[in-house]
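Residues per chain are reported as follows:
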Amino acid sequence: MTLDFSTTLNFVCFVLTIVAFIFGAIKLFNRNVPIYFRICVCAVGCYALGGLSECVYAICTGEFTADVSISMLGLFGCLFFMISANLEGDKIDKREELKIHYKKHDLFAYIAPAILGVALIYMIYVAKDQVTLSKIIFLTIVYIPILPASFLSLLYLVRPSDAVKIYKYTKLSNLFILLFCILSVADLYLLINQMWDASSICSLVCVLALCALMYSCCRGAKGWKSISREDLAVPADTDDGAKEESAANCQAGPAVAKPNTKSNIEESA
Amino acid sequence: MENLNLFIFIAIMAPLTMMLFVFHGKYKVILGYAMAGIYICMLAGEVNALILNNADFGYIYLTQNISPLTEEFLKCIPIFLLAFLFKPSRQFVIECALALGIGFALMENVAVLFSSGEGVTIITALFRGFGAGMMHGICALFIGLGAEILQRKRRILVPGILGTLSVAIIYHSIYNTIISSDFMMFGIALPLITFIPLLFIMRKQMKK
């Protein structure tokens, strides 16, 4: 197997993603960390598995698959984990007055899926002469989750954190998720136009965005823990799931310091 | 022999079906899931054969890209049904998922070794047994863990299922790519390096 520029860069991408995943898993995979950040780690892990699939294929067959392959499910799964993370993070915020408060911001968030959707339709239109119908269908299925993922990430990026303080700590993560979505669409454009080297560079930037996502998750998790219990409180009209989540988040960090009484020491032990 | 797989299937299922009437409660369900795994293996084999006959790609492409998709999709259905309809405990979902995966691997191994004929050695049997056995178990375990988490978090049901399924499919595809290449002997390494940490983590969590 000849290690050309594109192949080497793809190996580097895989190694970086695995490092980011291990870093995230060590730092964030415990019960005290809010589930939003843990699902983000799963997203990076799924992308790393897709990279591993590509690398194994390259080692076993002697060539890098530039074609449509099952390793693309790494991106597919990663995007769905990102959607899950944001949907799960949204559970806390169910108050009707907040929905009205955020109405303008929510409308603004539709810009991201609109732009990326138009770009995807254009690319599929361009690709229809170059690839077979079955591959176009596969690519469409793989890239469709970019639309809800970009919408949700922009939504929590533009929402001000005045009423719900946790948004402050997920903003940076959502910025990198949005960046990842945009770069993935750009990568698809380069792949369709058979610019392999440029596509590999774009993949590398995608991976760097994921590394930054892991770093921002670590920072966000620390910040989230520092929010007081009152800020995370859920009003009585919300569902049971939201209450459970709120309770879990309250347990997440040492928000309210307990006095060192005997019962508290026994409880913590 | 034309219907060798069918004969093997009947020979394995018949004693297990008798055992199903003897077992009660939890054990009955677990045995039922192992039997479901055996049945799904047969079903997936038929589906894959149908796809291969009607498509323009070869056997290697099928094993690397298509069969992981069909097999994992069929495997996930009973696990998610159990988790969402009956809402059992975390441990029970994982046990049933593992039983299903192992049942699947059992049928697949027997069918592959029989079809290989005289070319089978003890090394092949060991690698096939541990490699494919662990791989199917781990894939089912991924799905089981996902189902167990998602039964408590209905809000992320659809994206969660698709994400979990993607992980299982890619993992299965990686294993198939290795065993269909010249590096067949390394096929056992992937399930081993995944199974041991996974077992360690699960045992640690059970202790808590």
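Student: Help me understand the interface of chain B and chain A in this model?
Tutor: Where interface size is given, it is often the accessible area lost as the parts come together that is meant. Contact with chain B, which involves 24 residues of that partner, is made by 28 residues of chain A. A salt bridge links Lys153(B) to Glu88(A); the shortest N-O distance between them is 3.7 Å. Counting across the interface, chain B meets chain A through 2 residue pairs in polar contact (both at pLDDT 80 or more). When residues of the side of chain B that touches chain A are traced back to their parent elements, those giving at least two are helix H3 (59–86) and helix H6 (157–179) of chain B. Here the element with the most residues in the side of chain B that touches chain A is H6(B); it accounts for 14 residues.

Student: Sorry, what's going on with the packing of H3(B) against H6(B) here?
Tutor: A packed helix pair is summarised by two numbers, namely the angle formed by the two axes and the spacing between the axes. Residue and element names in this part refer to chain B. Between H3 and H6, the least distance of the axes is 8 Å, while the angle of their chain directions is 140°. When the axes of H3 and H6 are compared, the pair comes out oblique. For the crossing formed where H3 meets H6, the hand is right-handed. For the pair H3 and H6, contact is made by Thr63, Gln64, Ser67, Pro68, Leu69, Glu71, Glu72, Phe73, Cys76, Phe80 and Phe84 and by Leu157, Ile161, Leu165, Ala168, Ile169, His172, Ser173, Asn176 and Thr177, respectively. In the contact of H3 with H6, the residues fall into 11 nonpolar, 7 polar and 2 charged.

Student: Just to check I follow, could you spell out helix H2 (residues 25–54) of chain B for this structure?
Tutor: Each α-helix winds once per 3.6 residues, and so residues spaced three or four apart point in a common direction. The terminal C-alpha atoms of H2(B), which comprises 30 residues, lie 43 Å apart, in line with the 44 Å expected from a rise of 1.5 Å per residue. Considering only its buried residues, H2(B) is in contact with helix H1 (4–22), H3 and helix H4 (90–116) of chain B.

Student: Is there a simple way to think about the packing of aromatic side chains in this case?
Tutor: The relative placement of two aromatic rings is captured by the distance of their centres and the angle of their planes. Residue and element names in this part refer to chain B. Evaluated as defined, the whole model comprises 9 aromatic pairs over all chains. Summarising the aromatic geometry, the rings of Phe57 and Tyr61 are spaced 4.9 Å apart at their centres and angled 40° between planes, so their arrangement reads as tilted. For Phe57, a relative accessible area of 22% translates into the label partly exposed. A relative accessible area of 35% means that Tyr61 is categorised as partly exposed. A cation sits over an aromatic face here: Lys75 above Phe104, 4.9 Å from the ring centre.

Student: For this particular structure, what's the right way to read the side chain of Ser84(A)?
Tutor: Note on placement: Ser84(A) falls in helix H3 (residues 73–89). Beyond its immediate chain neighbours, meaning those up to four positions away, Ser84(A) contacts Ile39(A), Ile156(B), Pro159(B) and Gly160(B).

Student: I keep staring at the packing of helix H1 (residues 5–28) of chain A against helix H10 (residues 196–225) of chain A and nothing clicks. Help me out?
Tutor: Two elements in contact, H1(A) and H10(A), have axes whose closest approach is 9 Å; the angle formed by their N-to-C orientations is 10°. With respect to each other, H1(A) and H10(A) are oriented roughly parallel.

Student: Please clarify how the pattern of salt bridges should be interpreted in this entry.
Tutor: Where charged atoms from two side chains of opposite charge approach closely, those side chains can pair. Residues and elements named next belong to chain B. Evaluated as defined, the whole model comprises 6 salt bridges over all chains. For Lys75, the salt bridge identified is with Glu72, shortest N-O distance 3.2 Å. Remark: Glu72 and Lys75 occur in helix H3; sequence separation between them is 3 residues, near one turn of the helix. Accessibility classification places Lys75 together with Glu72 in one group, the buried group.

Student: Teacher, can you tell me more about a nonpolar patch on the surface here?
Tutor: Residues and elements named next belong to chain B. Together, Phe73, Ile77, Leu81, Leu85 and Phe86 line one region of the surface with nonpolar side chains, adding up to about 540 Å² of accessible area. Here Ile77 is to be found in helix H3. You can call Ile77 partly exposed: its relative accessible area is 37%.

Reading guide: rules and limits
Residues numbered from 1 in each chain as written. Chains lettered and ligands numbered in written order. Predicted model: local features only at pLDDT ≥ 70, side-chain atom pairs only at ≥ 80, totals over all residues. Heavy atoms only, no water. Contact = heavy atoms within 4.5 Å. Salt bridge = Lys/Arg side-chain N within 4 Å of Asp/Glu carboxyl O. Polar contact = N/O pair within 3.5 Å; in protein donor to acceptor, adjacent residues only side chain to side chain. Helix = DSSP H or I, 4+ residues; strand = E, 2+ residues; numbered from the N terminus. Axes fitted to C-alpha atoms, helices over the stretch in contact; angles between N-to-C directions. Parallel < 35°, antiparallel > 145°, perpendicular 65-115°, else oblique. Left-handed = near helix turned anticlockwise from the far one by under 90°. Nonpolar A, V, L, I, M, F, W, Y, C, P; charged D, E, K, R; others polar. Expected span 1.5 Å × (residues − 1). Phe/Tyr/Trp six-rings, centres within 6.5 Å; stacked < 30°, edge-to-face > 60°. Buried < 20%, exposed > 50% of the residue type's maximum accessible area, 1.4 Å probe, protein only. Lys NZ or Arg CZ within 6 Å of the ring centre and 35° of its normal. Patch = residues over 30% accessible without salt bridge, like charges linked within 9 Å, V, L, I, M, F, W, Y side chains within 5 Å. Areas by Shrake-Rupley, 256 points an atom, 1.4 Å probe, with all protein chains shown as cover.

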